[in-house]
Number of protein chains: 2
Amino acid sequence: MEIYEKRVKKVQEKMRQDGVDYLLLGPSSNMFYFSGLRTWADERLQLLIIPASGLPAAVLPAMYGEKARGVIAGRFPLFVWEDRQDPLEQVRELISARDGLRVAVDDNLWSSHLIGLMDILTGSSYGPASRVVDFLRKYKDEEEIALMARAGEVADRVMAGVRNEIRPGLSEKELAVFIENSFKRLADDVSFRPIVASGPNGASPHHTSGDRKFRYGDFIVVDCGGLLDGYCSDITRTFCLGKASDEMKDVYRAVNAANEEAFLAVARGCSGEEADAAARQVITGAGYGPYFTHRTGHGIGLDVHEAPYIVAGSRDKLEPGMTFSIEPGIYLQGKFGVRIEDIVAMTPLGPVRLNSFSRDLHEL
Amino acid sequence: MEIYEKRVKKVQEKMRQDGVDYLLLGPSSNMFYFSGLRTWADERLQLLIIPASGLPAAVLPAMYGEKARGVIAGRFPLFVWEDRQDPLEQVRELISARDGLRVAVDDNLWSSHLIGLMDILTGSSYGPASRVVDFLRKYKDEEEIALMARAGEVADRVMAGVRNEIRPGLSEKELAVFIENSFKRLADDVSFRPIVASGPNGASPHHTSGDRKFRYGDFIVVDCGGLLDGYCSDITRTFCLGKASDEMKDVYRAVNAANEEAFLAVARGCSGEEADAAARQVITGAGYGPYFTHRTGHGIGLDVHEAPYIVAGSRDKLEPGMTFSIEPGIYLQGKFGVRIEDIVAMTPLGPVRLNSFSRDLHEL
């Protein structure tokens, strides 16, 4: 498990540079990245404590004790607490509290846990863990890129299944269940609830798949992803059931061209915000600027959303080792939506798409 | 949507009593409880701001704008932000920051969001939202109890399906997929990932369903629940594939008797910790005390874990309107585990089990 120790050493170096005394990680992909531990968040405190130097320590509820002992395998100490105990007392003994302590806290740690920690670490200041962790996590090594590529292949296969499955009368929810089962069969799980948004529902980018049945003339936005060996895939295609109208074709063409333009910008070398601008310019040029209501993309890896973000204000260059989505969209309220998304990996030779399912208009 | 306004008024009364100035809710069942809004948590800030008096306000990313406008229907103001904007600037205008502000924060709001809020609300103090919200949410009204009962019936039906499905050679993961699909068909979704833990895996209370295939002689712990109209079910049964050994029967009997004894304690009227002690006493008396490693139960409603907790230190009485699990277990490392769980609703006439699937030993 040398990889975890290497990662801990690297983040500790960064912590010392930035003057961060402790990195407190909850149940999250950060905890997995630095320890191999994978658990689920709830009201019970779970903490991986990484000091600026020295060994980490884990504080976990008894129910994870057995599993965690196997994963940690003696690399660092584990403190297990039972439901009748207060885990903060263990934390108090592990963190030498003093005034002016600077603490980085896992971004998605529950606030109730942070509030508990603030009560015992008085006089400390807090920042999000992403500030010291992202610089590491956003550069994937070769093994990670290979895992991302495999995850992408599975997503392509699922999308091919989706293409065959779509028919009039099938409901959004039924297709979503088909997608979930496909990812569970071909990978480990979904990486997020599949979004199946048909007809006017497609105008809501994060639509919750419902009972609406597909009809001829629908655009159907399918946004889904799986989890394979810890790594996420994420792909969106928009299918047309039957023939697309001229307006539908026009919108589809604009979104597809925006996707391509962002990819070309990345190939020339650019920042996240420049890639976003490249996609946005195409859509604005086609007259649909106000209807592209979200960022162009997000980093992806152990989390389905992580650094770097392809959005205005994101000034860092997109560099080799980074993996991120390009997913422009146009949303016409009351009519339909179109989004086309691939995951792209930056390599020393330029960007590579990790999805190969055709982005052409599919009229089914 | 009068119900939401009533709930807001009640919590505002409590806030004024407790000296809490603002209640800040993220995407959660609290947000749903007070507004009807149901969204998913991620790195984008979503906030329902409830001041100690006056109208609430919501700050949501643009992707939820359309949906949220429909749900809120003009009852209170909604501020929508786009990816290129900083939502904290809107929050700053909605909360009149002053020194000594007391803020209650949703328990499962991401820490990164709380840290962002702390940066703009300097000099404020923070506590978990549960402290001002639980007193309301733990008392379900008649309609909520009826929804919980329907959710429980669905769980019983799924468990009946599980009983028929279990056979040698089926894997834990396959049974978990069967359970997920059953809940999606009969209800809206699962309320948590099903736990299917067979043979020695049963000794881990929160086992992740894996590739192990069932064999004759296995105890199989099945812990699952669904989501129906927002409300959760949660049930655990332990099945024996083939004939149970004397030790297995002995352990099963102890767990079943502990479940019954906790129920009787609740019927006599008791606190959460007394119900926990009642179950624990039976298991300790049978010689398995050290192997009952978790609390006896948890409240359940919009969240699968919520107040009241059936655990040492939980001194409040279990009163009419409360719904909670009773789920003692015994876990023998390297051998097997047994857990038996029903959801119980306290009514003015005493406790009622919301699950009716038999708790007798099932030898399949």
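If you're wondering where the values come from, they're calculated on a predicted model, not measured in any experiment.

Some words on the overall build of chain A
In terms of regular secondary structure, chain A is built from 10 helices and 20 strands. Across its three principal axes, chain A shows a C-alpha extent of roughly 65 × 40 × 35 Å. If you take every contact in chain A between residues at least 6 apart in sequence, the share linking residues at least 24 apart comes to 65%. Surface exposure of chain A reaches about 14,100 Å², of which carbon and sulfur atoms provide 50%. One way to put it: in chain A the 43 positive side-chain charges average out to a point 2 Å from where the 52 negative ones average out.

Things to note about the packing of helix α7 (residues 142-165) of chain B against helix α8 (residues 172-186) of chain B
Helix packing for two helices is described by the angle between their axes and how far apart those axes are. All names here are of chain B. Remark: α7 packs on α8, axes separated minimally by 10 Å, with the N-to-C direction vectors making an angle of 145°. Both α7 and α8 take part in a crossing whose hand is right-handed. Across from Val-154, Ala-155, Arg-157, Val-158, Gly-161, Val-162 and Glu-165 in α7, the residues of α8 making contact are Leu-175, Phe-178, Ile-179, Ser-182, Phe-183 and Leu-186. Across the contact of α7 with α8, the residue classes break down as 9 nonpolar, 2 polar and 2 charged.

A short note on the packing of aromatic side chains
With the rule as written, the count across this model stands at 8 aromatic pairs over all chains. When the ring of A:Tyr33 is compared with that of A:Phe34, the centres are 5.1 Å apart and the planes differ by 90°; the resulting orientation is edge-to-face. In this pair, the class of A:Tyr33 matches that of A:Phe34, namely buried. Each member of the aromatic cluster is reached from another via a ring pair, and the members are A:Phe219, A:Tyr252 and A:Phe336. Positioned over the ring face of A:Phe292 is A:Arg280, at 4.0 Å from the centre of the ring. Sitting over the ring of B:Phe32, B:Arg38 keeps its end group 4.0 Å from the ring centre.

Comments concerning the relation of the copies chain A and chain B
The two copies are related by a screw operation: chain A maps onto chain B through 180° of rotation and 0.0 Å of translation along the axis, at an RMSD of 0.0 Å. Here the two chains are linked by the operation of a two-fold rotation axis. Interface overlap between copies: 100% of the residues of chain A at the interface are likewise at the interface in chain B, consistent with a symmetric, same-surface contact.

Focus on the sheet that holds strand β12 (residues 235-240) of chain A
Residues and elements named next belong to chain A. Strand order in this open sheet of 4 strands is β8-β9-β12-β20, and the pairing throughout is mixed. A strand with exactly one partner marks an edge of an open sheet, and here the two such strands are β8 (195-198) and β20 (362-363). Relative to β20, β12 runs parallel, the two being bridged by 2 bridges. By the bridge assignment for β20, Cys-240 is matched with Glu-363. On top of the sheet, helix α7 (residues 142-165) reaches β9 (219-224), β12 and β20; it is set at about 15° to β12, its chief contact.

Overview of helix α6 (residues 130-137) of chain B
All names here are of chain B. Every buried residue belonging to α6 is among Ser-130, Val-132, Val-133, Leu-136 and Arg-137, and all of these are buried. Taken down its axis, α6 places every buried residue within 165° of arc, on the same side. Contact partners of the buried residues in α6: α1 (2-18), β1 (22-25), α2 (29-35), β5 (102-105), β6 (125-128) and β14 (306-310).

Describing the sheet that holds strand β3 (residues 57-61) of chain B
Residues and elements named next belong to chain B. In spatial order, the strands read β4-β3-β2-β1-β5-β6; together these 6 strands make up an open sheet with mixed pairing. Strands at the two margins of the open sheet, each flanked by one partner only, are β4 (78-81) and β6. Taking each pair of neighbouring strands and ignoring which way they run, the sheet shows an average axis angle of 20°. Bridging between β1 and β5 involves 3 bridges; their strand directions are parallel. Following the sheet pairing, Tyr-22 is matched in β5 by Val-103. Strands β1, β2 (47-51), β5 and β6 of the sheet are contacted by helix α5 (residues 111-120), whose axis makes an angle of about 150° with β6. Sitting on the sheet, α6 is in contact with β1, β5 and β6, with an inclination near 30° to β6.

Here's the deal with unusual backbone geometry
Among all residues save glycine, negative phi is the norm, and among peptide bonds the norm is trans. All names here are of chain A. Of note, the amide linkage connecting Ala-307 to Pro-308 takes the cis form, showing an omega dihedral of -5°. When you line up the elements, Pro-308 lands in strand β14 (residues 306-310). With phi around 50°, Ala-73 is a residue other than glycine that occupies positive phi space. Mapped onto the elements of the fold, Ala-73 is located in the loop between α3 (65-72) and β4 (78-81). A relative accessible area of 56% places Ala-73 in the exposed class.

Considering the pattern of salt bridges
Residues and elements named next belong to chain A. Under the defined criterion, the tally for this structure stands at 60 salt bridges over all chains. The residue Glu-247 makes a salt bridge to Lys-335 at a minimum N-O spacing of 2.8 Å. With Glu-247 in helix α9 (residues 246-268) and Lys-335 in the loop between β16 (329-332) and β17 (336-339), this residue pair connects regions lying 88 residues apart in the sequence. Accessibility expressed as a relative area gives 31% for Glu-247, which makes it partly exposed. Here the salt bridges do not stand alone but share partners, grouping Arg-237, Glu-260, Asp-342, Arg-353 and Arg-359 into one network.

Focus: the interface of chain A and chain B
The partner chain B presents 46 residues to the 46 residues of chain A that form the contact. In this structure, the connection of chain A to chain B is made through 6 salt bridges. A:Asp189 is the salt-bridge partner of B:Arg193, the closest N and O atoms lying 2.4 Å from each other. Taken together, the elements giving at least two residues each to the side of chain A that touches chain B come down to α3, α5 (111-120), β6 (125-128) and α8 (172-186) of chain A. A class-by-class count of the residues in the side of chain A that touches chain B yields 18 nonpolar, 12 polar and 16 charged.

A look at the pairing of β6(A)
Residue and element names in this part refer to chain A. Sheet analysis places strand β5 (residues 102-105) next to β6, joined by 4 bridges and oriented parallel. Bridge pairing links Val-105 to Pro-128 in β6. Regarding the hand of the β-α-β motif, the stretch spanning β5, α5 and β6 is right-handed.

Some remarks on the domain arrangement of chain A
Residue and element names in this part refer to chain A. For chain A, the domain assignment lists domain 1 (2-137) and domain 2 (142-363). Computed over C-alpha atoms only, the centres of domain 1 and domain 2 are separated by 34 Å. Facing 7 residues of domain 1, the contacting portion of domain 2 comprises 7 residues. Buried surface at the junction of domain 1 and domain 2, both sides included, amounts to about 590 Å², of which 47% is carbon and sulfur.

Details of empty space enclosed by the protein
With the rule as written, the count across this model stands at 3 cavities of 30 Å³ or more. Put simply, the largest cavity is a space of about 40 Å³. If you trace the largest cavity, you find it lined by A:Arg44, A:Pro61, A:Ala62, A:Met63, A:Trp81, A:Glu82, A:Asp83, B:Thr293 and B:His294. Split into classes, the residues belonging to the lining of the largest cavity amount to 4 nonpolar, 2 polar and 3 charged.

Rules used in this analysis
Residues numbered from 1 in each chain as written. Chains lettered and ligands numbered in written order. Predicted model: local features only at pLDDT ≥ 70, side-chain atom pairs only at ≥ 80, totals over all residues. Heavy atoms only, no water. Helix = DSSP H or I, 4+ residues; strand = E, 2+ residues; numbered from the N terminus. Contact = heavy atoms within 4.5 Å. Areas by Shrake-Rupley, 256 points an atom, 1.4 Å probe, with all protein chains shown as cover. Lys, Arg positive; Asp, Glu negative; His and termini not counted. Charge placed at Lys NZ, Arg CZ, Asp CG, Glu CD. Axes fitted to C-alpha atoms, helices over the stretch in contact; angles between N-to-C directions. Left-handed = near helix turned anticlockwise from the far one by under 90°. Nonpolar A, V, L, I, M, F, W, Y, C, P; charged D, E, K, R; others polar. Phe/Tyr/Trp six-rings, centres within 6.5 Å; stacked < 30°, edge-to-face > 60°. Buried < 20%, exposed > 50% of the residue type's maximum accessible area, 1.4 Å probe, protein only. Lys NZ or Arg CZ within 6 Å of the ring centre and 35° of its normal. Least-squares fit on C-alpha atoms with pLDDT ≥ 70 in both. Pairing = 2+ DSSP bridges. Arc of directions from axis to C-beta. Salt bridge = Lys/Arg side-chain N within 4 Å of Asp/Glu carboxyl O. Right-handed = clockwise from strand over helix to strand, strands pointing away. Domains from an automatic or database assignment. Buried area = accessible area lost by both parts, 1.4 Å probe. 1 Å grid on protein atoms, 1.4 Å probe; cavity = no way out; pocket = protein on both sides within 12 Å on 5 of 7 lines; lining within 4 Å. Points joined across faces, edges and corners; volume = space filled by probe spheres on them.

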